[in-house]
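Next come the chains, spelled out residue by residue.
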Amino acid sequence: MVGRSYLGVFAVQVFVTAWIIETTKAGIPQLYFTTEPLSKRAPAGESIELQCSAKGEDPIGIAWRRGQEPVHNLDGRIAVLSNGSLWMQLSEDFKDDPYQCCATNAYGTLCSRTAMVVVSAPLSNLHVLPQYIEAVVNGSARLRCDYSAHLLYHPVRWKKDGENLAESPRYTLLNEGVLQIYPVLRQDAGDYQCITGYQAQSQTWSNSSQVVVIEHCVNTSAGCGEDLIVAGPKGIQLNRPERVVLECLAAGNWVNITWSWTGGKQLPSGRHGLLGHGNLELTDLSPRDSGVYTCTATHTKSGNTTVARARLEITDYYPPIFTIQPTSNIIRDFGTARLHCEAIGNPEPEVSWFLNGNPVHSPSQVANNDLVIWNVEMNDQGIYQCFVSNTAGQAHSSALLLVDVPENPPEPPYNLTALALNSNTVLIQWDAIGVSLFVLQYYLEPDGEEIQLVLSDQKEPFAYAVRNLHPYTNYTFYMRSITHAASRFSDHVVVQTAEGVPDVAPVFSLASSSANTIDVYWDRLIDKTVTKGQVAHYRICYQENGKQDYTCREVSGTNSYFKIQGLKVATIYDVHMAAATKEGFGPESEQQAIRTTNIGNCSVPLKYPLDIPKVLNDTKLVVTWSEPIVQNDIPVDGFRLQLSGVMEDGIKLEHNIFEYVFTDLLPGSVHTFELKAFNDCGLGTASMQTITMPSTTDGGEQTRPPPQNVEAFALSSTSIQVNWDSILETQFQYEVDYRPTSDSHHDTGMKVSSTSGTVVLTKLKPFTIYTLRVRVNQTGVRGQYCDEVYCRTMEDVPSAPVNFSAKPLDAHTVSVAWRPPLNPNGVIKAYTIVYVPDTQQQDREEPQWNKTQKRGSELSSTVKNLTSNTQYYFFLRACTSVGEGPPSNVLRVRTPRESDFMVQPDTGDQVKDMEKGLFIAIILGSICILFCTLIAAIRYKRYQFTREEQLARTWNGDHNGRVPMSRLAQGNRVEIELNAMSPMLARESIRQFGPPNTEVRCESPLLGIRRRPVSDSVIEDDFPSSHTHQVEVTPHCTSEVPQEDPMRQYSHTLPSRPDCGASVPLRHKYPTCSASLPESGSEDGADTSSRWTPLRESTSGDSGLIGDLEFPIEDTSPDFIEKVLREYHLGIHPV
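Below is a summary of the structure that appears in this document.

Conventions adopted
Residues numbered from 1 in each chain as written. Predicted model: local features only at pLDDT ≥ 70, side-chain atom pairs only at ≥ 80, totals over all residues. Heavy atoms only, no water. Pairing = 2+ DSSP bridges. Helix = DSSP H or I, 4+ residues; strand = E, 2+ residues; numbered from the N terminus. Axes fitted to C-alpha atoms, helices over the stretch in contact; angles between N-to-C directions. Core = buried A, V, L, I, M, F, W, Y, C linked by side-chain atoms within 4.5 Å. Buried < 20%, exposed > 50% of the residue type's maximum accessible area, 1.4 Å probe, protein only. Disulfide = S-S within 2.5 Å.

## Let's talk about the sheet that holds strand E29 (residues 279-283)
Strand pairs in the sheet, formed through backbone hydrogen bonds, run parallel or antiparallel to each other. As summarised here, the arrangement of the 3 strands in space is E25-E29-E28, forming an open sheet in which the pairing is antiparallel. Two strands lie at the open edges of the sheet, namely strand E25 (243-246) and strand E28 (272-275), each paired on one side alone. Sheet twist, expressed as the mean angle between neighbouring strand axes with direction ignored, is 25 degrees. The sheet contact formed by E28 and E29 spans 4 bridges and is antiparallel. In the strand pairing of E29, His272 is matched with Leu282.

Next comes the structure, spelled out in structure tokens:
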């Protein structure tokens, strides 16, 4: 038997050694850091030291990494000091890489959090903007020190005419290197310079910017234009800053500045003020202060106003904090280790696992951020670290995993080979010595989900066919041998499954660019899950409409265009396509019809594909297009571009124009663009795109259209990948809102953000349908949600069944009952009841587990043929199509002694007594029949003699030729009595004894159904139902094995006719959930001899059963029963 998860041949040993693990867990030595390195920034030429120290079991070695590469002493510029610290002499060629300290002792390697080293190079090309400015008296002037580095590390100072700028309330310095002068006076004229740097030798001076002060307005540069605001606020996103300044500089003292918040709300009370003239200063900020801030400038004389807005986004990010940390443990070889790790933070932390400082790559080992290690071996021993990180910081926690390896493990399988039989089957062959139990593991390259199969009772030559694989895919296979312990892993082999034929046909479109041609365009098939391999050819078939004969052409799989030539003018043609791998063609597409043009040899232009329109703002966008995908020499005179709702007649553009800008569109409006190239022959094939314009909310936010082509598919039982296409011209942040469909009463669900067109949702519930939607969501922009998309996660193994109970019914029978798992994680296919006597533990024998399986709809069972006065261990597992889940609680049940339990009267003795009575009744009945027959014969003889005598008398003239009617009547009466006697005797001979609904009736001899034992050879890789009966009937002679019917609940074995060979089993096929070991007894008992099966009612109450044949309860007359039995060749055994 084969199962996807290993039940545990050594589970009894786990029970025995559990207390050992608990007592040794606390004594595992630890390795930990006392000092970890911190990020540093310094200018080139300086030296820094990153400190690191660790404690634990000596000796401890310290090493450093830069990224994933080890750090070595380098020409006196980098050195690892004796105390473990890293010393570096910085230079301009140093890269901003993360550095990490790693400590190693006998138990493994532990690595610290990363520290960034940033080298601040001297600033160059520093200059002041603008370089010349005219400012009017009582107006304002604004100078900005332009540089590329961050201001935090490059403080800025200002000089005027070579002297340090004197302090004055008219000068306002902002963090961005901005100098505001308000109001401007005559003495402010001069040359201004900005200076930045750390020390005198590393300071950088800018060029000079000249400020000229005039008395009256001459041009707009002096602040005399219509703009009342010289510089407005900019959008900012910060994480709980102590202070924020939003700039708003008025044109002069004839302008008043006021501020308001989102929706006209009042500014935060007691935490705001004005800096300089008009700049808004906010302090002690929190996320509730986020919103759109509006600066309104009002002319004191004319009353004209100018408004400038900016969105302030205050986040409440904090570094990760562990809620569950991994714990050290000792795991037996070939066991399963689980390391739990959970953390909270904002944004949600990402979890990654490391073993001895190296990343754990296999995604199949990580489930809900927990690390699951199947089939633990020595290579898995070491120090595991859980790293959690987000934009606010990082943290890590470690645990030590030790592997308990038993003595004298078996040798691993050798000469392992893998052969692809077809597109979804691989044949595995191997050699081994003295082993019959193996574990086969494989995964999809490079890092797909790992699958495990348990192969028991294997015999030489060893071989196994792995089915249901993906076509044209690389898989890695390896094995282990199992005896009293597990062997090392065998060599790994990689094999690629063969190609299949595609499942789908290409999607194509048609166009007729000339009178004798049809242009065929299609999207190339590249998804291997539907192509089943590499597409080698496309086939295009066409025929004149109404004709029967097709003409087909094949092109390379790299093509996406084909021109059908030599066609009739103005004629309708039907076209269809198919794709092929080297294994053959897939299905044909649906037919499409097109009429060729009637313009002679003149050719219209081909299709010029429209690009996705680029949205510039809520009223403006640009449309672009490109050359046809097929090179051609068809002339193009120009283009006609139509916009629905705006330019229905279209606009004509020159042939060399490939872009057009639309303005003054309505925010939130939906438009469809259509582009056609034209020449003297007419218009070519149209290319179309649809776009929704963004709109602006009352709060100043812009809205964006929903993303296009949103699709979702399940990656595993806990993850879904969501993909979408953006129709925006820049990279935006997208928000994916998702929730279980069962939580539809909630307006919103969980959210995750992404700046790309894809995101993977994790930590989902298995076998659950999720509702997903996507939109643009970032500072100042709020998009519309797309239509809801639904996706169900894959099945997973269920949780353990609950309320598992067991109690003895008699000395040899135990009744068990349970409730379904709290988390079924799929459709429960079956339950596996596992039990073993305690005598095997006492004798130190390898446990021979007895197993029986019940259908997933059943919640109770009985286990028979147990040994009296014996303690048994029982546990239960539930099974989905993925495999078996964890076991339930283990129960200990002792069967009673024979003498301590009242044994019920043996029904078999009653049957024997009843059979004796029937035998006596039959004998008496037969004697009565013989006696009656003798009497009838005597009377008949007398009648014959009397009749002859009467006839003689008649011929002799007696009675005047009349026959006495009394004799005839008497003779006729004898015949009537005999005819009436036979059915009476027949009914008497088959009457049933005992009243209905008694124990006698339960073993009624009415029907004799011969039952055969179920042999191992018939079981193959399925398990029988606990109610399965083997009923012999005569089938039609055939050499074919009947197909298995998944809807049948009962199975019957059809015995062969003399010329038909072996019997053919027809069985209900359950999913194989685990390896089934030999059963010590079935639920029905071990007795496989012939027994009587009564006519009985089914559990549904609306049908009856004869043996295992089901029929309506209303058709239970004796004639009907006899008819059914004869039709099924079951036979009647009358007494």
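## Topic: the nonpolar core
The biggest cluster of nonpolar side chains holds 24 residues, and the ones touching the most others in it are Trp64, Leu86, Met88, Leu90 and Tyr99. Among the elements of the structure, strand E2 (31-35), strand E4 (47-50), strand E9 (86-89), strand E10 (98-105), strand E12 (115-120) and strand E41 (393-404) are those that each provide at least two residues to this core. Within the second largest apolar cluster, 21 residues are counted, among which are Ile229, Ala251, Leu280 and Leu282.

## Comments concerning the state of the cysteines
One pass over the structure, following the stated rule, counts 6 disulfides. The disulfide bridge from Cys145 ends at Cys194, spanning 2.1 Å between sulfur atoms. Taking the torsion about the sulfur-sulfur bond, which here is approximately 65 degrees, the covalent link between Cys145 and Cys194 counts as right-handed. Here Cys145 is found in strand E15 (residues 141-146), whereas its partner Cys194 is found in strand E20 (residues 190-196), with 49 residues between them in sequence. For the pair shown, Cys145 and Cys194 are each scored as buried. Note on cysteine connectivity: Cys541 is disulfide-linked to Cys552, with sulfurs 2.0 Å apart. Its S-S torsion of about 110 degrees marks the bond between Cys541 and Cys552 as right-handed, since a negative value means left-handed. Within this pair, whereas Cys541 is found in strand E51 (residues 537-544), its partner Cys552 is found in strand E52 (residues 551-556), the two being separated by 11 residues in sequence. Cys541 gets classed as buried once you look at its relative accessible area, which sits at 2%. As a non-bridged cysteine, Cys932 has Cys928 as the owner of its nearest cysteine sulfur, 6.4 Å distant. Looking at Cys932, the relative accessible area reads 27%, which means it is partly exposed.

Just geometry here; none of it tells us what the structure is for.
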